[in-house]
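Coordinate inspection notes
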Amino acid sequence: MNWFVDALKKYAVFSGRAQRSEYWYFFLFYCGLAIGAALLDGMVGAFNRQAGVGLFGGIVALGLLLPSLAVGVRRLHDIDRSGWWLLIAVVPVVGAIVLLVFSLKDSQPGSNRFGPNPKDAFPSEKFSLT
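Being a predicted model, the structure only gives us computed values, none of them experimental. (Residues numbered from 1 in each chain as written. Predicted model: local features only at pLDDT ≥ 70, side-chain atom pairs only at ≥ 80, totals over all residues. Heavy atoms only, no water.)

Another aspect to go through is the packing of aromatic side chains. Going through the model one piece at a time under the given rule, you end up with eight aromatic pairs. Between Tyr-23 and Trp-24 the ring centres are 5.1 Å apart and the planes differ by 85°, which places this aromatic pair in the edge-to-face class. By relative accessible area, Trp-24 is classed as partly exposed at 35%. Residues Phe-26 and Phe-27 carry aromatic rings whose centres are separated by 5.3 Å and whose planes lie at 90° to one another, so their mutual orientation is edge-to-face. Through a chain of ring-to-ring contacts, the aromatic side chains of Phe-4, Tyr-23, Trp-24, Phe-26, Phe-27, Phe-29 and Tyr-30 assemble into a single cluster. Above the face of the Trp-85 ring, Arg-81 is positioned so that its terminal group lies 5.3 Å from the ring centre. (Phe/Tyr/Trp six-rings, centres within 6.5 Å; stacked < 30°, edge-to-face > 60°. Buried < 20%, exposed > 50% of the residue type's maximum accessible area, 1.4 Å probe, protein only. Lys NZ or Arg CZ within 6 Å of the ring centre and 35° of its normal.)

Laid out in structure tokens, this is it:
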């Protein structure tokens, strides 16, 4: 949950870097909220078939649009790609595959043109079995 809250705190920060865990935990909680909103829409009858979205689902989507874009741009920065690569999502199928591959890549080690590696800032998060 901390990764989601951290991403929300930086809801309009398009500079810097976001490691994989921040990106994927953000979208895990985003999907959970979207599913919850869809269930709520179905229970209260707020789903509009013509629009394809319900009242609560629309609120969640609009409320998390800017944080989603920001964490996506910061994730691309982490692999030393420009945030403009998010626009490849408009290309059907291929764009989604390219962004998925980019989001699965490990961070570029050390600093890059977008800032220091966020993994270097949290060395205590490495787990040990002892």
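What follows deals with the packing of helix 2 (residues 20-44) against helix 5 (residues 94-104). It is at 9 Å that the axes of helix 2 and helix 5 come closest, and there the two elements cross at 130°. The angle between the axes of helix 2 and helix 5 places the two elements in the oblique class. Contacts between helix 2 and helix 5 involve Arg-20, Tyr-23 and Trp-24 from the first element and Leu-100, Ser-103 and Leu-104 from the second. Considering only residue class, the contact of helix 2 with helix 5 consists of four nonpolar, one polar and one charged. (Axes fitted to C-alpha atoms, helices over the stretch in contact; angles between N-to-C directions. Helix = DSSP H or I, 4+ residues; strand = E, 2+ residues; numbered from the N terminus. Parallel < 35°, antiparallel > 145°, perpendicular 65-115°, else oblique. Contact = heavy atoms within 4.5 Å. Nonpolar A, V, L, I, M, F, W, Y, C, P; charged D, E, K, R; others polar.)

Moving on, we come to unusual backbone geometry. In the Ramachandran plot, Asp-80 falls in the positive-phi region, its phi being about 65° despite a non-glycine side chain. Positionally, Asp-80 belongs in the loop between helix 4 (65-78) and helix 5. The class for Asp-80 is partly exposed, based on a relative accessible area of 29%. The phi torsion at Val-93 lies on the positive side, around 60°, for a residue other than glycine. Relative to the helices and strands, Val-93 resides in the loop between helix 4 and helix 5. What makes Val-93 exposed here is its relative accessible area of 60%.

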